[in-house]
Amino acid sequence: MVLAVIVGQLLWVVVGTFVFFAVVFSIASSFDFDDMSSNNAVDIDVEQDIILEITSDIIITDGPTGDDLELQDFELHSLQFIGLHDVLRALDYASTHDPVKAVSLETSMLLLSPADLQTLRSALKKFKLSGKKIYAYADNYFQGSYLISSVADEMYVHPMGDIYLRGLGIQGLYFKEFFDEIGVDIDVIRVGKYKSAAENFSSSKMTDPTREEYTALLNDIWDSFTPQVCEDRKLDERAFNASVDRLDAFIPADAIEKKLIDGVRSEISYKEYIDETYPENQRISLSDYALFVKKETISLSSDRIALVYANGEIVDAQNVGDNMIGMNLIDILNDLKDRKKVKAIVLRVNSPGGSAMMSDKIWEVVEQVKEDKPVVVSMGSYAASGGYYISAGADYIFAEPQTITGSIGVIMMTLSAEALRKKFNIASDEVATHKNANLPGITHKLPKLWRKKIDERVKDIYDIFLDRVAVGRGMEKKDVHEIAQGRVWSGVRAQKMGLIDELGTLDDAIDYAADMAELDDYTLIEYPKYENSLNRFLNSISKNIREAVLPKSLQIIEKQVSPVLKKMSETGLPVYQLRLPPQYELNLR
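Residues numbered from 1 in each chain as written. Predicted model: local features only at pLDDT ≥ 70, side-chain atom pairs only at ≥ 80, totals over all residues. Heavy atoms only, no water.

Colleague: In this structure, what is going on with the overall build of the protein chain? I would like to understand it.
Modeller: Within the protein chain, the regular secondary structure consists of 21 helices and 26 strands. The 589 residues of the protein chain split such that 54% are buried. Counted over contacts in the protein chain with a minimum sequence separation of 6, partners at least 24 positions apart contribute 78%. When the accessible surface of the protein chain is split by element, carbon and sulfur atoms take 52% of a total near 25800 Å². (Helix = DSSP H or I, 4+ residues; strand = E, 2+ residues; numbered from the N terminus. Buried < 20%, exposed > 50% of the residue type's maximum accessible area, 1.4 Å probe, protein only. Contact = heavy atoms within 4.5 Å. Areas by Shrake-Rupley, 256 points an atom, 1.4 Å probe, with all protein chains shown as cover.)

Colleague: Got a minute to help me understand the side chain of Glu400 in this structure?
Modeller: Along the chain, Glu400 turns up in the loop between strand S19 (396-399) and strand S20 (404-406). The charged side chain of Glu400 is buried without a salt bridge, its nearest counter-charge being Arg348 at 5.8 Å. Setting aside its immediate chain neighbours within four residues, Glu400 contacts Ala115, Gln118, Thr119, Met379, Gly491, Leu503, Gly504 and Thr505. (Lys, Arg positive; Asp, Glu negative; His and termini not counted. Salt bridge = Lys/Arg side-chain N within 4 Å of Asp/Glu carboxyl O.)

Colleague: Got a minute to help me understand helix H7 (residues 208-233) in this structure?
Modeller: Two residues of an α-helix separated by three or four positions point the same way, owing to the 3.6 residues in each turn. Between the first and last C-alpha of H7 there are 37 Å, a value that for 26 residues agrees with the 38 Å anticipated at 1.5 Å per step. Within two residues after H7, Lys234 carries a phi angle of roughly 55°, on the positive side. (Expected span 1.5 Å × (residues − 1).)

Colleague: Can you walk me through the packing of helix H12 (residues 327-338) against helix H13 (residues 356-370) in this structure?
Modeller: Relative placement of two packed helices is described by the angle separating their axes and the distance separating the axes. Where H12 meets H13, the closest approach of the two axes is 10 Å, and the angle between their N-to-C directions is 5°. For the element pair H12 / H13, the angle class is roughly parallel. Listed contacts from H13 to Met327, Leu329, Ile330, Leu333, Asn334 and Lys337 of H12 are Met358, Lys361, Ile362, Val365, Val366, Gln368 and Val369. Its residues assigned to classes, the contact of H12 with H13 comprises nine nonpolar, two polar and two charged. (Axes fitted to C-alpha atoms, helices over the stretch in contact; angles between N-to-C directions. Parallel < 35°, antiparallel > 145°, perpendicular 65-115°, else oblique. Nonpolar A, V, L, I, M, F, W, Y, C, P; charged D, E, K, R; others polar.)

Colleague: Quick question: what am I supposed to make of the environment of Ala197 here?
Modeller: Take Ala197: it is sitting in the loop between strand S10 (185-191) and helix H6 (199-202). What makes Ala197 buried here is its relative accessible area of 1%. With 216 residues separating them in the primary sequence, Ala197 and Met413 have C-alpha atoms 9.6 Å apart.

Colleague: Any chance you could explain a negative patch on the surface here in plain terms?
Modeller: Among the surface-exposed residues, Glu502, Asp508, Asp511, Asp515, Asp520 and Asp521 lie close enough to one another that they form a single negatively charged patch. Here the negative patch takes three residues from helix H19 (residues 506-516), the largest share from any one element. Here Asp515 shows up in helix H19. Overall, Asp515 belongs to the exposed group, its relative accessible area being 57%. (Patch = residues over 30% accessible without salt bridge, like charges linked within 9 Å, V, L, I, M, F, W, Y side chains within 5 Å. Charge placed at Lys NZ, Arg CZ, Asp CG, Glu CD.)

Colleague: Sorry, what's going on with the nonpolar core here?
Modeller: Soluble globular proteins tend to bury their nonpolar side chains together. Of all hydrophobic cores here, the largest spans 61 residues; its most connected members are Leu124 and Tyr289. Setting aside anything within four residues of it in sequence, one finds Tyr289 in contact with Ile44, Leu52, Ala90, Tyr93, Ala94, His97, Val100 and Ile284. (Core = buried A, V, L, I, M, F, W, Y, C linked by side-chain atoms within 4.5 Å.)

Colleague: Which parts of the structure should I look at to understand helix H11 (residues 286-296)?
Modeller: By the criterion of burial, H11 is predominantly enclosed, with eight of the 11 residues buried. Three or more residues of H11 are buried, namely Leu286, Ser287, Tyr289, Ala290, Leu291, Phe292, Val293 and Lys294.

Colleague: Looking at this model, I keep getting lost on the sheet that holds strand S12 (residues 282-285). Mind explaining?
Modeller: Two orientations exist for strands paired in a sheet by backbone hydrogen bonds: parallel and antiparallel. Read from one edge to the other, the open sheet built from six strands follows the order S11-S8-S7-S6-S2-S12, with strand pairing classed as parallel. Every interior strand has two partners, whereas the edge strands, strand S11 (263-264) and S12, have only one. In terms of strand pairing, strand S8 (residues 154-157) meets S11 through two bridges, oriented parallel. Each residue of the ladder has a partner; that of Val157, found in S11, is Val264. Running at roughly 80° to S12, H11 makes contact with strand S2 (50-55), strand S6 (100-106) and S12 of the sheet. (Pairing = 2+ DSSP bridges.)

Next up, the structure:
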C-alpha cells in the first residue's frame, strides 16, 4: 500500500506540475480581471436590421448557464461562453424575429462533439428553412466547422486558408510493453468482449472486437453527416466521399471546383460583402442575442420543468466538481422530487460512466422520482456504460444520431508493482491474521483466489446491470445481453435496438416532458447552480488546459491509472467501473 502511495504520488507530481505551470502561465499571460465584463446589459435596436454572428470567440458548452433569469456569461478578452440550450432558444427565436435578417458563421474551429455539432446544425437548418440566409467564412475550416458551415447559403475561405476535410478517425496508444518494461503488472477483469476501457494497458494493439465496434461507430457518425452536407452543397454523396479521400478540399481552388465551397475572400472582404448585402445592419453576437431572448421570453408560470445536467465521470464522492457526478446529483433529484411546483425533470446526460456503486444509487433515485413526476433523459455527446445505467430507467430517452451510448459492461483493473519493487530493491514485509488480509495490493500480483472472487463479482455486477436495463427498457434480459457485452453504439443504432426511444434534441426532450406533465406554459429551471461566472470559467478551462499541455500518454495515465492507484492506496480494495475507454480520441479536427 505504501508503494501504491509512492507510485500514485509520483504520477500526480508529474501530471500536476504540467497542469500547475500551464494554469499559471495561462492566467499570468492572458487573464486581466479589469477586462472582465458582464453581458448582463445588452443594447439591441429592434428597429434596425440584425446580423447574428457566431464566431470562434463563442464557446458553446452543454451545461447550465447559471442564473434562471440572466445569462451569466462574461468575456475574457474576446471569449464568450454560452450554453447549448441558450443557443437553440436564440436561433429558434431569431427565425421568426423580423429584425434578424441573417446569420454569419465565422468559425475556424468548433470545440463540439459530433452530437453537439448535429444539434447546432439542426438549429441552423431550421433557421434557414424559415427563409432567412446563412453566410459562412473561416480563415481555415477544420472538420467540425466545415460540417456546421456547409449549411450556409454561401461559404467562403481565406485565400491563404486550408480546409481539413479528411474523414473521421480514432487513434489509441498502448502501454502494455511500457509497463512490462518498468515492472508494473496490470490485471484487467471484465465482462463483455467489447469492454475495452483498459485495453490500452493490457494489449499492445487494438483488439478485433474494438476495431469492429469503432469502425461501425465512425461509419454511423460520418454517414449521418454526409447526406446533410451533400443536400446543402448540392453534391453527389459518392463524389463527395471520393473528394474527401483525395483531400480535394485542402486547396481552395480545388474545393471551389468540386463545389465544396463557393469562393475565397479575406475577412475584410467578407464583412464588406455582408454590409453591402444588408446596408446599415447591426452585428450582434449570438451570446448577446441569447441574453436578449432570455429576457424577452421569461415565463411567469409557477409550473416548472427542471433541466438537470449530469456531466462528467461518475464517482463515489459527496462533494464533487462541476465535471463530475456523485452525491450532488442525488441531492438535486431528491430535492426536486419534493418540490410541488416542479412538474417534470429532464436529465441531460453527458457521461462516460465510472463508479458502479454510484451509478446504481443514482438509478435508484430516478426510480423514486418517477413515482411522483415524469423523468425524460436527453443524451448529449455520450451516455455510455454508467452514463447509460443512470439513464436506463427514465420514462423516455432521447439521443442524437451521433450520441455514443451503450457500453453495457463492467471492468475492474488492479495494478501490481512487485517487479518494480524488486528492481529497485524495495523490501516488503507484512503481518496478518489471515492469509488474504493484505491482498489485493500493489506490492504483490493478484493471487488466483482473489482473481476468481473478483471475476465472480464483476459478473454479478454485470448481471445487475442487465436487470436494470431489461426492466427500464421493457426488454428480455437475454436480448439485452445480446446487444450489451460492453459494446458502444451510435444513437441511430441504439434506437433500432430499443436502448433509446427517439432521436431528438434537448429541446425535443423538454417538449416531451411538458407533454407528459400536461403543461402548456412553464418556467424552465436549470441545475446544478453555479455561484458565479469566474468559478465556472476556471472549472471549464481546467480540462482544456490539461489536454492542451499534457502529452497524450500522460493524459491517459491521469484519466485512468491515477484514480485506480488513488483508490487502491486509500482502501486496498478493487475498483469496479462502468465506463468508456478514455484512450481513444475521435478526430473531428
